[in-house]
Amino acid sequence: MTEDKKKLTLVLFSGELDKALAAFNIATTAAAMDKDVTIFFTFWGLNVIKKPGGRVPGTGMLALMNRMNRGGANRLKLSKFNMLGAGTGLMQHFMGRAGLPSLEQMLAMGKQLGVHYIACTTTMGVMGLTEQDFVPEVESFAGAATYLAAADEAGVNLFIS
Amino acid sequence: MTEDKKKLTLVLFSGELDKALAAFNIATTAAAMDKDVTIFFTFWGLNVIKKPGGRVPGTGMLALMNRMNRGGANRLKLSKFNMLGAGTGLMQHFMGRAGLPSLEQMLAMGKQLGVHYIACTTTMGVMGLTEQDFVPEVESFAGAATYLAAADEAGVNLFIS
Amino acid sequence: MTEDKKKLTLVLFSGELDKALAAFNIATTAAAMDKDVTIFFTFWGLNVIKKPGGRVPGTGMLALMNRMNRGGANRLKLSKFNMLGAGTGLMQHFMGRAGLPSLEQMLAMGKQLGVHYIACTTTMGVMGLTEQDFVPEVESFAGAATYLAAADEAGVNLFIS
């Protein structure tokens with residue numbers, strides 16, 4: 001990170017489509033304004049950066065939880081009005097009609113603009129996930145101390161739950 | 001905005017009564033402490049500043065989604081314990097008993113104290129909403145870049161999802 | 001609070017286990033890094049610091065709401081995948097296996113590290129709660145103005161809803 005850029009950090013705790021879209025809209029807009037942006041993905045937010053169709057770690061109940069929680073940016077659901085997927089499909093349809101990129105496209109766009117994607121190692125440990133379970137856009141794997149060091153240098157820090 | 005005042009921004013992403021109340025409690029308290037306050041309403045948060053009984057734009061599924069999502073500050077529900085409206089009515093009753101203003105009163109109070117209300121144009125585009133769909137207290141209509149410019153100048157920035 | 005320490009504030013609005021864990025993970029990590037940390041518990045977040053098995057104030061509907069909302073750090077549920085308690089138990093099991101402390105342990109650990117716990121008096125008034133309803137780790141009882149004064153001095157301020 002260069003010292004001259006203004007910095008912004010986001011904690012993405014949620015794995016829901018609408019909240020992830022809000023996070024990436026802020027992140028890519030800030031990066032396009034030449035800010036140095038970091039997103040720290042924790043808890044359900046890890047779903048956003050899981051490989052699509054990836055492995056389901058654990059056995060028994062943990063496997064069940066990881067299966068329900070499978071993730072991948074193109075599988076997320078709305079936090080409201082999901083309506084068995086109809087609301088989610090509708091949102092995606094109207095985003096396209098309004099000329100907005102999809103979440104997967106925003107993830108790639110953010111990477112190109114230099115957004116730093118960090119996966120929370122504490123949550124990974126609880127859920128039995130390893131570095132191989134995540135998309136290659138993830139830059140590093142770290143805990144809360146690394147996030148806090150970035151937040152300390154940033155003027156804007158948001159928690160999206 | 002004058003340069004001498006301390007600034008605070010809120011992103012209100014949620015359209016739920018309890019979260020909107022928390023946002024307006026912080027906003028009006030900060031404004032009464034002579035801070036320059038901005039609330040950026042995005043996603044479901046747009047419901048808080050929709051005209052009560054306003055039009056339901058779109059056709060088919062979008063109309064359905066906008067109808068379920070009708071908004072107006074006096075129609076919001078609690079995020080928990082709504083209990084078919086009983087919990088929400090109870091909250092309003094006990095707020096009144098505790099001498100607290102309603103959300104509609106807080107919206108007007110914030111306006112009088114100079115709080116800046118900005119509606120997110122990106123979400124408006126997705127949901128088919130226009131400037132005429134919002135209460136007159138809304139000061140401007142803008143996207144994430146405008147929000148980020150305000151956040152950059154503020155010492156406290158919160159995201160309420 | 002000494003003026004030399006970097007400061008961090010959290011608003012904990014949620015009474016859900018996963019969100020409280022995220023808040024305490026950030027708070028205890030920051031305090032261990034020698035930051036001056038304040039958590040302001042408001043709305044459902046008050047549940048996290050209620051005495052376990054405490055009294056259920058109010059009559060009729062308010063008593064019902066307080067009963068459903070009984071709180072105590074060891075009674076909280078996950079915001080997702082609670083599965084009648086199975087998901088919550090699983091999370092606690094795998095946290096233990098990963099060597100992580102429980103929420104109750106984090107609350108005590110934070111206190112030892114000097115984290116300031118403030119209960120929101122406005123919410124207490126609405127819910128009919130008094131100072132006797134909270135665990136002794138709570139340092140003070142105050143409203144939004146006190147929170148805002150702390151946030152003004154802090155470099156990192158997060159709202160966990």
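Up top is the structure these notes are about.
Residues numbered from 1 in each chain as written. Chains lettered and ligands numbered in written order. Predicted model: local features only at pLDDT ≥ 70, side-chain atom pairs only at ≥ 80, totals over all residues.

K.L.:
Explanation requested: the interface of chain A and chain B in the structure shown.
P.N.:
A common way to express how large an interface is: the accessible area buried when the components associate. Contact residues are listed per partner, giving 25 residues for chain A and 20 residues for chain B. Contributing elements (two or more residues each) for the side of chain A that touches chain B: α1 (17-32), α3 (86-97) and β5 (156-160) of chain A. Broken down by element, the residue count for the side of chain A that touches chain B peaks at seven residues, all from α1 of chain A. In terms of residue class, the side of chain A that touches chain B is made up of 15 nonpolar, six polar and four charged. (Contact = placed C-beta atoms within 7 Å. Helix = DSSP H or I, 4+ residues; strand = E, 2+ residues; numbered from the N terminus. Nonpolar A, V, L, I, M, F, W, Y, C, P; charged D, E, K, R; others polar.)

K.L.:
Could you clarify how one ought to interpret the environment of G54 of chain B in this entry?
P.N.:
All names here are of chain B. By the element assignment, G54 lies in the loop between β2 (36-41) and α2 (60-68). Look at G54 and you get partly exposed, because 16 C-beta atoms sit within 10 Å. The spacing of G54 and G72 is 18 residues in sequence and 8.4 Å in space, taken between C-alpha atoms. (Buried ≥ 20, exposed ≤ 12 C-beta atoms within 10 Å, placed from the backbone.)

K.L.:
Please explain the interface of chain A and chain C as it appears in this structure.
P.N.:
Counting residues at the interface gives 20 residues for chain A and 25 residues for chain C. At the level of elements, α2 (60-68), α5 (121-127), α6 (144-153) and β5 of chain A are the ones that each hand at least two residues to the side of chain A that touches chain C. Across the side of chain A that touches chain C, the residue classes tally to 13 nonpolar, six polar and one charged.

K.L.:
Quick question: what am I supposed to make of the packing of α1 of chain A against helix α4 (residues 103-112) of chain A here?
P.N.:
Each packed pair of helices is defined by two parameters, the angle between the axes and the distance between the axes. All names here are of chain A. With their axes 10 Å apart at the nearest point, α1 and α4 run at an angle of 30 degrees to one another. The angle between the axes of α1 and α4 places the two elements in the roughly parallel class. Crossing of α1 over α4 shows left-handed handedness. Across the interface between the two elements, L17, A20, L21, F24, A27, T28 and A31 from α1 touch L103, M106, L107, M109 and G110 from α4. Of the residues that constitute the contact of α1 with α4, the class distribution is ten nonpolar, two polar and no charged. (Axes fitted to C-alpha atoms, helices over the stretch in contact; angles between N-to-C directions. Parallel < 35°, antiparallel > 145°, perpendicular 65-115°, else oblique. Left-handed = near helix turned anticlockwise from the far one by under 90°.)

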